[in-house]
Amino acid sequence: MLHKLREQGLDVRVYEKGAEVGGTWYWNTYPGARCDSESHIYCFSFDEGLHREWEWSERYPEQPEILDYLQWVADRLDLHRNIAFEREVTSATYDDETATWSVELADGERVTTRYFVTAVGCLSEPFLPDFDGLDAFEGEWYHTARWPDGEIDFGDDHVGVIGTGSTGIQFISEVGGQADHLTVFQRTPNYAVPARNRPLEDDEYDEIRENYDDIWEQARDSRLGMPFDHEHETDYGLSEDEIRDVLEERWQQGGFRFLHSFEPGSILSNPELNEVVSAFIREKIRGKVDDPETAEKLVPTDHPYGSKRPPMDYNDYYGTYNRDDVSLVDVDEHPIERVTADGIRTTADHYPLDVLVFATGFDAMTGAILAMDIEGKNDQTIEEKWEAGPRTYLGLMTSGFPNLFTITGPQSPSVLTNMPLSIEQHVEWIADCIRYMDEHGYDRIEARRESEDQWVQNTNMLAENMLFSQAKSWYRGANVPGKTQVFTPFPGGLDNYREICARVARDDYDGFELE
Ligand code: N01
């Protein structure tokens, strides 16, 4: 966004809480952190020079490599000179008379700006459950999204980890076997599909480079922002054995290619097909875990595959539970009562621990935006406006808050897609919109209430026709006690969404009011 707006001749300043660029990949430095999107598409597509020069080492990029990449990009585009690091935005207030925002920083500085763009991410406000006794815990404790610098040697430690989402699964596979003992406190089992990570060979990379234009085109034109084919759109006309053959082939390919066994929308909305897929994974899990009782605890039965964000298995996650130094505690059956000075007490037992790791996720989608205390027209805060769930038009703007753009905001495809492509599409749309406003002499843009109502209704309706409502997921805010539960990302596909946004822009920003 900085690069693009600067190119358009705007005076741009970025405020960043971290000490460097990197966002998610700056903060999430826990052992095993890696991205589930394949590396050659988990990068910027807007500058050919970038993806022609950079070479990823593995099929899935590891956190340090992604951070290196982002810092390399920032250096090449000379971005640092317009970024103020370790500067946290604490509030922002709109002035309707001047159509400007006054943005306040933690150190008291105030800046006035015509446009206020949030690029705060969907998964950046860590969620820490409110367990009694944590203050008095005498060991070390960490949240995975605020991991300390430097390597931690767990060799002599009894480590406990709470959470078995994408993060927990990566951490457990990595630290199981390193720690003296690892105890996993699991509330809900998950469907981890093998990632099948490996180094990228030179000839493979040559082929990627030769075909990059087509790869990006296919990715942009797909539901998830990923350039994967599926031989069959749906399971229509296939027997269960034939479906399972397709699944087996994709299981061997690994990663999100498995979700592309059929058109992903059909797996996520057809209950019969989804049940075959879910049952297929359950069988795989049972086949990997030696102890049948542990295996049953690891088999998800409470939600369909994909109704929560599907995690990846990089390092024989399920096999980790066959180790003598790893144990699984079912805290759904026996919930955590409290943290004690030296461990965790559940309703059934006490587990002594030296180190406690919270892989408990995020106040997702809205947490980081709401943390900024944003006040729009008529003294209304965004928190008040979104009390019953976020309301936006296209996930890009919310009515009552003119000139505020939200990159990957609620009700845009964001977390249901390959993020860099969704980010780029928003950046381009916002930059074009600002250029249009300059060219036409406008200084104020606001989403119309009717367009927003229709967009929210549309997003909800699409989600209701899919299987998402059958899981208590962070997509719906169900992981944070007391948060309003509403499905937040736009589930209609990046391809369709891009078309809608392009049409709105072509029609002189239809659905927005410009003055
Ligand atoms: O967080 P999560 P995450 N008592 O919310 C458990 C992206 N990501 O950090 O399922 C006990 O998914 C909670 O249990 P339950 C990706 O989009 C990407 O793992 O709510 N347990 C769950 O098991 C991902 O989806 C990558 O019952 C409690 C876990 O904590 C998103 O980030 C890597 C609890 C939280 O799982 C978030 O993933 C990592 C409690 N009180 C993350 N509270 C890659 O691309 C919560 N839990 C590789």
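Our subject is the structure that appears above.
Just so you know, these numbers come straight off a predicted model, no measurement behind them. (Residues numbered from 1 in each chain as written. Predicted model: local features only at pLDDT ≥ 70, side-chain atom pairs only at ≥ 80, totals over all residues. Heavy atoms only, no water.)

*Asks:* Looking at this structure, how should I read the sheet that holds strand S4 (residues 100-105)?
*Replies:* Strand pairing within a sheet occurs via backbone hydrogen bonds; the two strands may be parallel or antiparallel. Spatial ordering of the open sheet is given by S5-S4-S3-S17, a layout of 4 strands whose pairing is mixed. On the outer flanks of this sheet lie strand S5 (110-113) and strand S17 (374-375), each paired with one strand and no other. Two strands pair when backbone bridges link them, and S4 and S5 are joined in this way by 4 bridges, in the antiparallel orientation. Note on S5: the bridge partner recorded for Trp101 is Thr113. (Pairing = 2+ DSSP bridges. Helix = DSSP H or I, 4+ residues; strand = E, 2+ residues; numbered from the N terminus.)

*Asks:* What is the right way to read the side chain of Arg282 from this model?
*Replies:* The topology assignment puts Arg282 in helix H10 (residues 271-288). Among the polar contacts listed, one links the side chain of Arg282 to the backbone oxygen of Pro300, at a separation of 2.8 Å. Not counting residues up to four positions away in its chain, the partners in contact with Arg282 are Tyr191, Glu275, Val299, Pro300 and Thr301. (Polar contact = N/O pair within 3.5 Å; in protein donor to acceptor, adjacent residues only side chain to side chain. Contact = heavy atoms within 4.5 Å.)

*Asks:* Explain H10 here, please?
*Replies:* Residues that lie three or four places apart on an α-helix share one face, since the helix turns once every 3.6 residues. Over its 18 residues, H10 runs 26 Å from end to end, which matches the ideal 26 Å to within 8%, given 1.5 Å per residue. Packing partners of the buried residues in H10 comprise strand S10 (193-194), helix H8 (240-253), helix H9 (264-267), helix H11 (292-298) and helix H12 (317-320). Taking the backbone nitrogen of Glu272 as reference, a side-chain oxygen 3.0 Å away marks Asn270 as the first, capping residue of H10. (Expected span 1.5 Å × (residues − 1).)

*Asks:* What am I meant to see in the sheet that holds strand S13 (residues 336-340) here?
*Replies:* Reading across the sheet, the 3 strands line up as S13-S14-S15 and stay open at both edges, with antiparallel pairing between neighbours. The open sheet has two edge strands with one neighbour each: S13 and strand S15 (350-352). Averaged over neighbouring strand pairs, the angle between their axes works out to 20° when direction is ignored. Relative to strand S14 (residues 343-346), S13 runs antiparallel, the two sharing 4 bridges. If you follow Thr340 over to S14, its bridge partner there is Gly343. (Axes fitted to C-alpha atoms, helices over the stretch in contact; angles between N-to-C directions.)

*Asks:* Just to check I follow, could you spell out helix H6 (residues 202-210) for this structure?
*Replies:* Every buried residue belonging to H6 is among Tyr205, Ile208 and Arg209, and all of these are buried. Seen end-on, H6 carries its buried residues on one side only, within an arc spanning 100°. Exposed residues pointing more than 90 degrees away from the buried face of H6 are listed as Asp203, Glu207 and Glu210. Looking at the buried side of H6, the elements it contacts are helix H3 (48-53) and helix H7 (212-220). (Buried < 20%, exposed > 50% of the residue type's maximum accessible area, 1.4 Å probe, protein only. Arc of directions from axis to C-beta.)

*Asks:* Explain the packing of H8 against H10 to me, please; I cannot follow it from the model alone.
*Replies:* When two helices pack together, their arrangement is captured by the angle between the axes and the distance separating the axes. Two elements in contact, H8 and H10, have axes whose closest approach is 10 Å; the angle formed by their N-to-C orientations is 55°. The orientation of H8 relative to H10 falls into the category oblique. H8 and H10 meet at a crossing whose hand is right-handed. Between H8, through Glu240, Ile243, Arg244, Leu247, Glu248 and Trp251, and H10, the contact on the second element is made entirely by Leu273, Val276, Val277, Phe280, Ile281, Glu283, Lys284 and Lys288. Per-class residue counts for the contact of H8 with H10 are 8 nonpolar, no polar and 6 charged. (Parallel < 35°, antiparallel > 145°, perpendicular 65-115°, else oblique. Left-handed = near helix turned anticlockwise from the far one by under 90°. Nonpolar A, V, L, I, M, F, W, Y, C, P; charged D, E, K, R; others polar.)

*Asks:* Sorry, what's going on with the site of the ligand here?
*Replies:* If you check the shell around the ligand, you find 24 residues, and the closest are Arg34, Thr167, Arg187, Thr188 and Lys308. In this structure, Arg187 approaches the ligand through a side-chain N or O atom, which is 2.8 Å from an oxygen atom. The fraction of the free accessible surface of the ligand (910 Å²) that becomes covered by protein chains is 88%. Residue contributions to the shell around the ligand peak at 3 residues, all from helix H5 (residues 166-175). Of the residues contributing to the shell around the ligand, the split by class is 10 nonpolar, 9 polar and 5 charged. (Near = heavy atom within 4 Å. Areas by Shrake-Rupley, 256 points an atom, 1.4 Å probe, with all protein chains shown as cover.)

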